[in-house]
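Geometric and topological summary
Here is how the chains run, residue by residue.
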Amino acid sequence: MTAPLTSVTGQPNLATAVVPLRDGRTGKTRLAEHLPARERGRLVATLARHVVATLLAADGVRRVLVVTADPVFVTDALEADPRLEILTQPSAHPGLNGAVEFGREQVRRRWPGDRLLVIHADLPALSTADVAALLAPAAPVTLGPDRAGLGTNAVLLRPGTDAFTFAFGEGSLARHRHEAESLGSPAALVRRDGTAIDLDTEADFGALAPPVQEWLRAGIAVPDDGQRLRALP
Ligand SMILES: Nc1nc2c(ncn2[C@@H]2O[C@H](COP(=O)(O)OP(=O)(O)OP(=O)(O)O)[C@@H](O)[C@H]2O)c(=O)[nH]1
Ligand SMILES: C=C(OP(=O)(O)O)C(=O)O
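Residues numbered from 1 in each chain as written. Chains lettered and ligands numbered in written order. Predicted model: local features only at pLDDT ≥ 70, side-chain atom pairs only at ≥ 80, totals over all residues. Heavy atoms only, no water.

Quick look at the side chain of threonine 54 now. Its place among the elements puts threonine 54 in helix 1 (residues 37-57). Sequence-distant contacts of threonine 54, defined by excluding residues within four places in its chain, comprise Leu126, Ser127, Thr128 and Val131. (Helix = DSSP H or I, 4+ residues; strand = E, 2+ residues; numbered from the N terminus. Contact = heavy atoms within 4.5 Å.)

Overall, mixed pairing links the seven strands, which are arranged 3-2-1-4-6-5-7 in an open sheet. Only two strands of the sheet have a single partner each, and these edge strands are strand 3 (84-88) and strand 7 (188-189). As paired elements, strand 5 (residues 141-145) and strand 7 share two bridges and run parallel to each other. Residue pairing across strands places threonine 142 opposite alanine 188, the latter belonging to strand 7. Here helix 3 (residues 95-110) sits on the sheet and contacts strand 1 (15-20), strand 2 (61-68), strand 3, strand 4 (115-119) and strand 6 (152-157); the angle it forms with strand 1, its principal contact strand, is near 155 degrees. In this fold helix 4 (residues 128-135) packs onto strand 1, strand 2, strand 4, strand 5 and strand 6, with an angle of close to 130 degrees to the strand it touches most, strand 4. (Pairing = 2+ DSSP bridges. Axes fitted to C-alpha atoms, helices over the stretch in contact; angles between N-to-C directions.)

Ligand 2 sits among Arg30, Leu96, His120, Gly151, Thr152, Phe168, Gly169, Ser172, Asp198 and Asp200. With respect to ligand 2, the side chain of arginine 30 contributes an N or O atom lying 3.1 Å from an oxygen atom. Side-chain polar atom of serine 172 to an oxygen atom of ligand 2: 2.6 Å apart, as the coordinates give it. Taken by itself ligand 2 offers 290 Å² of open surface, and the protein chains cover 83% of this. With respect to the pocket detection grid, ligand 2 is positioned in the largest pocket. Of the residues assigned to the shell around ligand 2, the class counts are two nonpolar, five polar and three charged. (Near = heavy atom within 4 Å. Polar contact = N/O pair within 3.5 Å; in protein donor to acceptor, adjacent residues only side chain to side chain. Areas by Shrake-Rupley, 256 points an atom, 1.4 Å probe, with all protein chains shown as cover. 1 Å grid on protein atoms, 1.4 Å probe; cavity = no way out; pocket = protein on both sides within 12 Å on 5 of 7 lines; lining within 4 Å. Sits in = over half its atoms within 2 Å of the grid points. Nonpolar A, V, L, I, M, F, W, Y, C, P; charged D, E, K, R; others polar.)

The values are spatial; any link to function lies outside them.
This is the structure we're talking about:
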């Protein structure tokens with residue numbers, strides 16, 4: 001049985017967000033053709049700053065836990081905030097699914113009544129309205145598909161859904177929908193640009209609105225090397 005949507009105070013259960021973030025060196029490999037390593041690191045940091053700041057500004061999000069194998073990079077990349085914790089991913093929990101599972105264990109142990117919002121750190125158009133849309137459905141499991149409708153960029157779990165197995169990776173949406181159904185009800189799907197556009201490829205960059213493209217270019221620009229600004233199309 002799933003926990004009620006509202007707490008004993010009648011207020012909606014707040015959510016703790018878990019954001020997996022690899023490091024500043026090994027990710028965004030699909031952009032390697034367009035961006036040298038230093039700019040890819042700056043891109044990862046710029047995207048993560050945006051996602052974390054948006055989560056912290058959104059109604060209904062109590063705190064943000066970033067799970068990473070590289071806490072030095074992440075501490076440097078993110079602005080400190082009393083509601084932000086950077087957790088080192090233990091080697092016993094490898095990979096993306098290991099990172100989010102570790103985050104879930106922390107949330108269930110420390111704040112068992114919270115809803116859990118797992119959301120990727122590479123969503124350049126994410127807004128507080130998108131976060132509100134993810135938190136709105138009453139379903140035990142809410143999913144934010146990617147723009148191809150094949151992957152998953154966000155998973156919102158209510159308490160009582162600990163049997164849900166995270167299955168991020170290529171084609172994860174079908175697996176996550178199946179997981180929700182095996183818990184007893186279909187997942188709610190939230191399809192919005194802000195949750196759907198993760199920046200993995202040149203085509204993803206092209207799908208972004210011009211102002212978003214502009215602040216991303218500014219974020220990755222290395223101050224002493226203006227030439228590199230032309231790297232992305
Ligand atoms: N902590 C942690 N986060 C990860 C890991 N792998 C991916 N992520 C994060 O999960 C989210 C989705 O990542 P992906 O798009 O699958 O991978 P990516 O590193 O961004 O890019 P690619 O190299 O193109 O696959 C991003 O926020 C990544 O930083 C991992 O092994 N550990
Ligand atoms: C990790 C996923 O996708 P991507 O690597 O494209 O971000 C996913 O959709 O589960």
